[in-house]
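# Per-entry structural report
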Amino acid sequence: LFASVEMTPGDPILGLTEAFVADTRPGKVNLGVGIYYDEQGRIPLLRAVQQVEQKLAQEAKPRGYIPIDGLPAYNLATQKLVFGEDSPLLAAGRVATSQTIGGSGALRIGADLLKKVLPNAKIAISSPSWENHRVVFASAGFEVVDYAYYDAATHGLDFPGMLADLGKLEPGTVVLLHACCHNPTGVDLNAEQWQQVVELVKERNLMPFIDMAYQGFDEGIDTDATAVRLFAASGIDAFVVANSYSKSFSLYGERVGALSIVGRTRDEALRVQSLVKRTIRSNYSSPATHGGLLVSTVLGSAELKAMWEQELGEMRERIHAMRAGMVEKLAAAGAPHFGFIQEQAGMFSYSGLSKAQVDRLREEYAIYAIGTGRICVAALNRANLDTVVNAVAAVSR
Ligand code: PMP
């Protein structure tokens, strides 16, 4: 039966990790990852999360199913984080939120749902985007097109190109937007640019789909949600937000995310929620208990939430410090043209390193990065920064 099945190409990032693990050279560094590591090079287990886990272990509760659309407390707390405590949309009951299997689950359920409502629509994603965006929406039956985003010459945003491309899309096209900490480039829009995008999207009748996988990783919970807040304030009838707690709670394998769909009225949101539930039911039936309980318990306690915000702030500050340290040390090592790394945001930077330079980093210096030049700034620490800087300076000469 399966004789005709050919080997499907693996994920290039996971392939890189395998090569890294097999590398026996001391002092090797993996900048190819998509995970936040702490100063000791470990994936942190947040103190707030640990406290809840201890409590849950003591309570030793049975594990029944949770509702199809997840824990109500989780969804309520998510809405407040994503849309803001005082959001008029929430007060009006216009947002339908469902706990999902990570941010990826939110993207897929959102894609399946939009395919039912807008069967002929295309989706536009940034060039470049997180590669899974293309795969998820294509699997849901969408034709995927690109809009201009990254400007290799400036290592920044091609904002005129972005506006021009968005302006050419047919009405009803779904537009995937990264709320902050763009993956893979680290290049974000500022608030004025967001406002222009909001106006264009509204005028052209496009369907915004915001992916917020790194809320709190750049400036803070509310500032990083600027795109969501501006769309919410714009009077637009409908938009979608997929958010993930994988990074902000350091709960990657617990698969915690949520899908929020904004409708025109409370009644519309209720009807949409019923369709979301049907979509989840036919997909994976219901989300997972443990991660959902961790997040909702932290967010539901003023004390634990404050502790989490503090820890999130520490992660964010460490990323900023690594960006600043890298730029300063590269300049001192004779490579002053990397200043843009400090302008970029979040875990990733498009470093501008070519494929040949990335190959040299790996072969000569045991430093692993992706062929596109994407590096994970959150994999840097005080112990490996000099090694990385010296190698990057050497291959950049
Ligand atoms: N969107 C973007 C832009 C991401 O970078 C990621 C995670 N790499 C996700 C969504 C999915 O997150 P999760 O692991 O929660 O599925």
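Residues numbered from 1 in each chain as written. Predicted model: local features only at pLDDT ≥ 70, side-chain atom pairs only at ≥ 80, totals over all residues.

### Some thoughts on the sheet that holds strand 8 (residues 207-212)
Taken together, seven strands build an open sheet; the order of strands is 2-10-9-8-7-3-4 and the sheet is mixed. Of all the strands in the sheet, just strand 2 (95-101) and strand 4 (144-148) have a single pairing partner and so form its edges. Here the strands of the sheet are splayed against their neighbours by 25° on average, with no regard to which way each runs. When strand 9 (residues 239-244) meets strand 10 (residues 256-262), the two strands line up antiparallel, connected through six bridges. Looking at strand 10, one finds that Val-241 is bridged to Ser-260. Sitting on the sheet, helix 9 (residues 226-233) touches strand 7 (174-178), strand 8 and strand 9, and the angle it makes with strand 8 is about 150°. (Pairing = 2+ DSSP bridges. Helix = DSSP H or I, 4+ residues; strand = E, 2+ residues; numbered from the N terminus. Axes fitted to C-alpha atoms, helices over the stretch in contact; angles between N-to-C directions. Contact = placed C-beta atoms within 7 Å.)

### Examining the site of the ligand
Every residue near the ligand is listed here: Gly-34, Gly-102, Gly-103, Ser-104, Trp-130, His-178, Asn-183, Asp-211, Ala-213, Ser-244, Ser-246 and Gly-257. Here the shell around the ligand gets three residues from one element, more than from any other, and that element is helix 5 (residues 102-117). (Near = placed C-beta within 6 Å.)

### Topic: helix 10 (residues 266-281)
Its 16 residues give helix 10 an end-to-end C-alpha distance of 22 Å, which sits within 8% of 22 Å, the value for a rise of 1.5 Å per residue. All of the buried residues along helix 10 are Ala-269, Val-272, Val-276, Thr-279 and Ile-280. For helix 10, the angular spread of the buried residues around the axis is 90°, confining them to a single face. Exposed and oriented more than 90 degrees from the buried face of helix 10 are Asp-267, Leu-270, Ser-274 and Arg-281. Looking at the buried side of helix 10, the elements it contacts are strand 2, helix 5 and strand 10. (Expected span 1.5 Å × (residues − 1). Buried ≥ 20, exposed ≤ 12 C-beta atoms within 10 Å, placed from the backbone. Arc of directions from axis to C-beta.)

### Concerning the UniProt feature "domain: Aminotransferase class I/classII large" (unreviewed entry) in the protein
The sites that UniProt annotates as "domain: Aminotransferase class I/classII large" (unreviewed entry) are residues 27-391. Strand forms 15% of residues 27-391 and helix 44%; the C-alpha atoms that close the span are 12 Å apart. (UniProt positions renumbered as here; feature names shortened; annotations may be inferred.)

### As for the packing of helix 3 (residues 72-83) against helix 11 (residues 289-299)
Taken N-terminus to C-terminus, the directions of helix 3 and helix 11 make an angle of 60°; their axes are 9 Å apart at the nearest point. Classed by the angle they form, the pair helix 3 and helix 11 counts as oblique. The handedness of the crossing between helix 3 and helix 11 is left-handed. Here helix 3 contributes Ala-73, Tyr-74, Ala-77 and Leu-81 to the contact with helix 11, which in turn contributes Gly-292, Val-295, Ser-296 and Leu-299. Its residues assigned to classes, the contact of helix 3 with helix 11 shows six nonpolar, two polar and no charged. (Parallel < 35°, antiparallel > 145°, perpendicular 65-115°, else oblique. Left-handed = near helix turned anticlockwise from the far one by under 90°. Nonpolar A, V, L, I, M, F, W, Y, C, P; charged D, E, K, R; others polar.)

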